[in-house]
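# Chains, contacts and geometry: an overview
The residues making up each chain are set out below.
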Amino acid sequence: MQLIEWIKQPWPWWVAGPLIGLTVPALMLMGNKRFGISSSLRHICAACFPSNISYFKYNWKKEIWNLFFVAGIVLGGLIAAQFLNNHQPIQVSPALAAELRGYGITNYSELIPIDVFNWANLLHPQGLLLMVFGGFLVGFGTRYAGGCTSGHAITGLSNLQWPSLVATISFMVGGFIMANLILPLILK
Amino acid sequence: MTKNIPENDFEIRSLDTSCLNESELVHPYWYNLKYLITGILFGIVFVKAEIISWFRIQEMFRLQSFHMYGVIGSAVVVGMLSVFLIKKFKIKTIYGEDIHFEKKEFNKGQIIGGLIFGFGWAITGACPGPLFAQIGTGVTVTIVTLLSAIAGTWTYGLVRNKIPH
């Protein structure tokens, strides 16, 4: 089965990008839904820890489609890793591999570097910064910005909303600063 | 700067992508299964195109690979074209409802919050969608990152009226 073998390889951007773009009209046509993932974090807060905060007092059950959607993403990740995996190391640019080797990152078996992202490292300052602090910034920043890559960069830009362009540029500027100037100090 | 934001303030609510222009129809819960299936397909694309890869995000922010620019760029082009066609031909949902579009209002959060998210994106190598997919692939420690992201969202809700918008 050549098709199966092909599917098991990493997919090129020109297959993945258009499929992701099609999520925007798919969700619109299915029921007037706006493609945006970070809202799910708010719905989880509203459902589990509303804590009398007005921002979390709304009828989250009306937005439950979004939780079905992210549950699907977890399952999709599981299916891809279990059944569509060719078990080859991740290929990265030689320049990146050389830099990461300097930080002791040499394991390319998973899509994140398990040399530093692992349970044991959680108890060290480095692991706390990478996983706990990093995750916190993702949750706080996306809600403050009113969306993430899906809500702003893809849905917002698709609908030609200039505030989404501002947000997307800010995401990229923040990422460039962190990846090039600050993250190397954390990984050292 | 302290600004009190009324709960029903449209400008702020419109940031939240919830409570706006939702479908008027009431359906049984299993109608949501189509979103589960869409999510599954989406999660598979995420993994197979390595969009959830921390390494790909590092390459993107170091300009070492075109991959992520190609993914996001082509997704936006397809999304734009789809929205244009839906507007032009006034295409309705499968239940016959009109599809409406809302304007996003500018506020400072898009810059400050955007930078903060950018920092987190480069550290964790994941935006919220990939966090869910990474857990699915079996990297269980990402559960901690996701819980931290939920804590971050909760903290934003707590301090929202005290930070500039």
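Residues numbered from 1 in each chain as written. Chains lettered and ligands numbered in written order. Predicted model: local features only at pLDDT ≥ 70, side-chain atom pairs only at ≥ 80, totals over all residues. Heavy atoms only, no water.

Moving on, we come to unusual backbone geometry. Within the chain, His87 of chain A stands out as a residue other than glycine whose phi angle is a positive 55°. Overall, His87 of chain A belongs to the exposed group, its relative accessible area being 62%. In this structure, Leu63 of chain B is a non-glycine residue whose phi angle is positive, near 55°. (Buried < 20%, exposed > 50% of the residue type's maximum accessible area, 1.4 Å probe, protein only.)

Now for the nonpolar core. By size, the foremost hydrophobic cluster in this structure holds 100 residues, and its most contacted members are Ile20 of chain A together with Trp121 of chain B. Looking at which domains feed residues into this core, each of domain 1 (1-85) and domain 2 (116-188) of chain A gives three or more. Apart from residues no more than four positions distant in its own chain, Trp121 of chain B is found in contact with Val138, Thr149, Phe171 and Met172 of chain A together with Ile57, Met60, Phe61, Ile72, Ala126 and Cys127 of chain B. (Core = buried A, V, L, I, M, F, W, Y, C linked by side-chain atoms within 4.5 Å. Domains from an automatic or database assignment. Contact = heavy atoms within 4.5 Å.)

A few words now on helix 4 (residues 67-88) of chain B. The α-helix advances 3.6 residues per turn, and as a result positions three or four apart in sequence lie on the same side. With 22 residues, helix 4 of chain B extends 31 Å between its outermost C-alpha atoms, agreeing within 8% with the 32 Å of an ideal straight helix rising 1.5 Å per residue. Lys90 of chain B, located one to two residues past helix 4 of chain B, shows a positive phi value of around 45°. (Helix = DSSP H or I, 4+ residues; strand = E, 2+ residues; numbered from the N terminus. Expected span 1.5 Å × (residues − 1).)

A word on the interface of chain B and chain A. If you look at the interface, chain B gives 118 residues, while chain A gives 130 residues. For the pair chain B and chain A, the summed buried area comes to about 11000 Å², and 74% of that belongs to carbon and sulfur atoms. When the buried area of chain B at its contact with chain A is split by residue, Tyr35, Lys48 and Phe55 of chain B rank highest and sum to 8% of it. Here chain B and chain A share 2 salt bridges between them. The salt bridge involving Arg62 of chain B is made with Glu99 of chain A; its shortest N-O contact spans 2.8 Å. On the surface where chain B and chain A come into contact, there are 28 residue pairs in polar contact (both at pLDDT 80 or more). Elements that contribute at least two residues to the side of chain B that touches chain A include exactly helix 2 (33-48), helix 3 (54-61), helix 4, helix 5 (109-124), helix 6 (128-136) and helix 7 (142-159) of chain B. Along the lines of polarity and charge, the residues of the side of chain B that touches chain A split into 63 nonpolar, 38 polar and 17 charged. (Buried area = accessible area lost by both parts, 1.4 Å probe. Salt bridge = Lys/Arg side-chain N within 4 Å of Asp/Glu carboxyl O. Polar contact = N/O pair within 3.5 Å; in protein donor to acceptor, adjacent residues only side chain to side chain. Nonpolar A, V, L, I, M, F, W, Y, C, P; charged D, E, K, R; others polar.)

With 8 of its 10 residues buried, helix 3 (residues 39-48) of chain A lies for the most part within the structure. Within the sequence span of helix 3 of chain A, burial applies to Ser39, Ser40, Leu41, Arg42, His43, Ile44, Cys45 and Ala46 of chain A. Buried residues belonging to helix 3 of chain A abut helix 4 (64-83) and helix 6 (125-145) of chain A together with helix 6 and helix 7 of chain B.

With that settled, the discussion passes to the domain arrangement of chain A. Residue and element names in this part refer to chain A. Here chain A is partitioned into domain 1 (1-85) and domain 2 (116-188). Between the C-alpha centres of domain 1 and domain 2 the distance comes to 18 Å. Facing the 11 residues of domain 1 at the interface are 10 residues of domain 2. When domain 1 packs against domain 2, the two sides together hide about 760 Å² of surface, and 66% of this comes from carbon and sulfur. Ranking the residues of domain 1 by area buried against domain 2 places Val24, Phe35 and Ser38 at the top, with a combined share of 52%. Applying the counting rule to domain 1 against domain 2 returns 0 salt bridges. One can count 4 residue pairs in polar contact (both at pLDDT 80 or more) joining domain 1 with domain 2. Counting only elements with at least two residues in the side of domain 1 that touches domain 2, the list comes to helix 2 (13-31) and helix 3.

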